[in-house]
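Chain and residue survey
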Number of protein chains: 2
Amino acid sequence: GDIEAGKAKSMLCAACHGADGISLAPIYPNLKGQKAQYIEKQLKAFKEGTRQDPVMAPMAMPLTDEDIANLAAYFESLK
Amino acid sequence: GDIEAGKAKSMLCAACHGADGISLAPIYPNLKGQKAQYIEKQLKAFKEGTRQDPVMAPMAMPLTDEDIANLAAYFESLK
């Protein structure tokens, strides 16, 4: 994944998960430093509906596999 | 949640998520410092089957609501 491309795509994510990857409400997970492979798996699961969430489903729907890999690399890179 | 009680219950978790909350394989999420409310929601979802995962379902099944609150408090407390 391309960290800079992921950062450029991450503005919608930041509304809940925080610009620094520390989420803004306790019901949302922190993503700072999270494993990229795990993030990729979850974004694909939200997109495919195998993990159901009314907020994340429409967020994941328009993402390509490349977008997902880039976003995952970006959040993993946050220290 | 009771952090010490959560720590005492966390040995099985540590096998995949790490004794320090940093997971041992990239497919597993880090739990270090994760939001307790999010962890609680996910453990209950695994237990109830609304989030499906073949590894986590049997892990969550025997946990009481108190166990879940304690584990969530413990992982949130890790710095």
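Going by the structure above, here's the rest.
Residues numbered from 1 in each chain as written. Chains lettered and ligands numbered in written order. Predicted model: local features only at pLDDT ≥ 70, side-chain atom pairs only at ≥ 80, totals over all residues. Heavy atoms only, no water.

**Some thoughts on the pattern of salt bridges**
Residues and elements named next belong to chain B.
- Counted by the stated rule, this structure contains four salt bridges over all chains.
- Lys9 serves as the salt-bridge partner of Asp67, at 3.7 Å between the closest nitrogen and oxygen. You can see Asp67 sitting in helix α5 (residues 65-77) and its partner Lys9 sitting in helix α1 (residues 3-9), a full 58 residues away along the chain.
- Among the salt bridges present, the one from Glu40 reaches Lys44, with a minimum N-O distance of 3.7 Å. Highlighted residues: Glu40 and Lys44, both in helix α3 (residues 36-48), separated by four residues, approximately one helical turn.
- Relative accessible area serves as the criterion here: at 27%, Lys44 is assigned to the partly exposed category. (Salt bridge = Lys/Arg side-chain N within 4 Å of Asp/Glu carboxyl O. Helix = DSSP H or I, 4+ residues; strand = E, 2+ residues; numbered from the N terminus. Buried < 20%, exposed > 50% of the residue type's maximum accessible area, 1.4 Å probe, protein only.)

**Quick word on the packing of helix α3 (residues 36-48) of chain A against helix α5 (residues 65-77) of chain A**
All names here are of chain A.
- For the pair α3 and α5, interaxial distance at closest approach is 8 Å and the crossing angle is 140 degrees. In this view, α3 runs oblique relative to α5, as classed from their interaxial angle. Our pair here, α3 against α5, has a crossing hand that is right-handed. Only Asp65, Ile68, Ala69, Ala72, Ala73, Phe75 and Glu76 of α5 make contact with α3, whose side of the interface consists of Ala36, Ile39, Glu40, Leu43 and Lys44.
- Grouping the constituent residues of the contact of α3 with α5 by class yields eight nonpolar, no polar and four charged. (Axes fitted to C-alpha atoms, helices over the stretch in contact; angles between N-to-C directions. Parallel < 35°, antiparallel > 145°, perpendicular 65-115°, else oblique. Left-handed = near helix turned anticlockwise from the far one by under 90°. Contact = heavy atoms within 4.5 Å. Nonpolar A, V, L, I, M, F, W, Y, C, P; charged D, E, K, R; others polar.)

**Observations concerning the side chain of Asp67 of chain A**
- Look at Asp67 of chain A and you get buried, because its relative accessible area is 13%.
- Those residues in contact with Asp67 of chain A, other than ones at most four positions away along the chain, are Lys9 and Pro62 of chain A.

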